[in-house]
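What follows is the residue order along each chain.
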Amino acid sequence: MQTINASGAEWIHLDVMDGMFVPNITFGPKFINDLRSHSSLVFDAHLMVDQPERYVALFAENGCDYITVHGEASVHLHRTLQMIKAAGCKAGVSLVPSTPVSSIEPVLDMVDLVLVMTVNPGFGGQSLIPSTLKKIEQLHAIRKEQGYKYLISVDGGVNLKTVHLVSQRHTDIAVCGSAFFSAADRAEFVKSMKAAAKG
Ligand code: ZN
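Described in the following lines is the structure provided in the data block. Here the structure is a predicted model, which means the values were calculated and not measured. (Residues numbered from 1 in each chain as written. Predicted model: local features only at pLDDT ≥ 70, side-chain atom pairs only at ≥ 80, totals over all residues. Heavy atoms only, no water.)

1. Focus on the pairing of strand β5 (residues 113-117)
Rule in force here: When accessible area is computed with a 1.4 Å probe and restricted to protein chains, residues below 20% of their type maximum are described as buried, those above 50% as exposed, and intermediate ones as partly exposed. In this description a helix means any DSSP run of H or I spanning at least four residues, a strand means any run of E spanning at least two, and both kinds are numbered starting from the N terminus. The criterion for strand pairing is that DSSP finds at least two bridges linking the strands in question. A clockwise course of the path from the first strand over the helix to the second, judged with the strands pointing away from the viewer, identifies a crossover as right-handed.
By the criterion of burial, β5 is predominantly enclosed, with 5 of the 5 residues buried. When strand β4 (residues 90-95) meets β5, the two strands line up parallel, connected through 4 bridges. What sits directly across from Gly92, in β5, is Leu113. Sheet topology places β5 next to strand β6 (residues 151-155); 5 bridges connect them, and they run parallel. By the bridge assignment, Val114 is partnered in β6 with Ile152. Following the backbone out of β5, through helix α5 (residues 133-146) and into the adjacent parallel β6, one traces a crossover that is right-handed.

In structure tokens, the structure reads:
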């Protein structure tokens, strides 16, 4: 945890998987609570979970700053996002690569973050799917046109070679898993990523 805190990264992105929405299972709110006392970075929970509305309050109570749910996993998405805000957290919505931006347009005025999945969720170490980049452009255009304030975050296959593809399309946050954890020097890695993002 110390090397993460000292790396220069500003957020910790927590991939919660339930074995239903995605095939893999990771961890839950208790684990996040255990981490909370070891870091003051922004905790960004990405719930790859079916019917995430069942767990929103629990994740809010256990130290998450942002809670991001999948549009595909929540039928009453508007209500779920309201629940996140009512619980005192920032609300995010995410899309898998095959879901179009138009499906979440009705809630874009109320979200603090949109998480574009650039790989199919469930496992680390995958390559970025180029067709997903267009969604970043669409989200930035809508944000500009409508005056919305959401951050655009990108998750999947982001590394030193691909970060410029997302940064030049106005991504605010690049989530790194494998690339960060396999780096010999994490602080050096974050520095190089920030430099590569600036082009
Ligand atoms: Zn994620």
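2. Here's the deal with the coordination of the zinc ion
Six octahedral donors around a metal ideally make angles of 90 or 180 degrees; four tetrahedral donors ideally make 109.5 degrees. Short version of the rule: In this listing, donors mean N, O and S atoms no farther than 2.8 Å from the metal, or 3.2 Å for Na, K and Ca; water is missing from the atoms, so a site can look incomplete.
Distances from the zinc ion to its protein donors, His13 (NE2), Asp15 (OD), His46 (ND1) and Asp155 (OD), fall within 2.0 to 2.2 Å. Between consecutive donor residues of the zinc ion, the sequence gaps follow H-x1-D-x30-H-x108-D. Of this pair, His13 sits in strand β1 (residues 11-17) while Asp155 sits in strand β6; the two residues are 142 residues apart in sequence, bridging distant segments of the chain. Accessibility classification places His13 together with Asp155 in one group, the buried group.

3. Some details on the packing of aromatic side chains
Worth spelling out the cut-off: Two rings from Phe, Tyr or Trp (for Trp, the six-membered ring) form a pair when their centres sit within 6.5 Å of each other. Planes less than 30 degrees apart are called stacked, planes more than 60 degrees apart edge-to-face, and all others tilted. Over a ring means this: the NZ of a Lys or the CZ of an Arg is within 6 Å of the ring centre and within 35 degrees of the ring normal.
The final tally for this structure, using the stated rule, is 5 aromatic pairs. Consider the rings of Trp11 and Tyr66, whose centres lie 4.5 Å apart with planes at 35 degrees: the pair is tilted. Placement of the pair is Trp11 in strand β1 and Tyr66 in strand β3 (residues 66-70), with a sequence separation of 55 residues. By relative accessible area, which is 22% here, Trp11 ends up partly exposed. Here the aromatic rings of Phe180 and Phe181 are separated by 5.0 Å at their centres, their planes lie at 85 degrees, and the arrangement is edge-to-face. In this structure Phe180 comes out as buried when scored by relative accessible area, which is 7%. One aromatic cluster is present, built from ring pairs that chain together Phe180, Phe181 and Phe189. When the ring centre of Phe43 is taken as origin, the NZ or CZ atom of Arg36, which lies over that ring, is 3.7 Å away.

4. Description of the environment of Val101
Inclusion rule: Pairs of residues are marked as contacts when any of their non-hydrogen atoms sit within 4.5 Å.
Within the secondary structure layout, Val101 lies in the loop between β4 and β5. Taking relative accessible area as the criterion, Val101 reaches 4% and is therefore assigned buried. In this structure Val101 touches Leu95, Lys135, Gln138, Leu139 and Ile142, once residues within four positions along its chain are discounted.

Read these as geometric descriptors, not functional statements.
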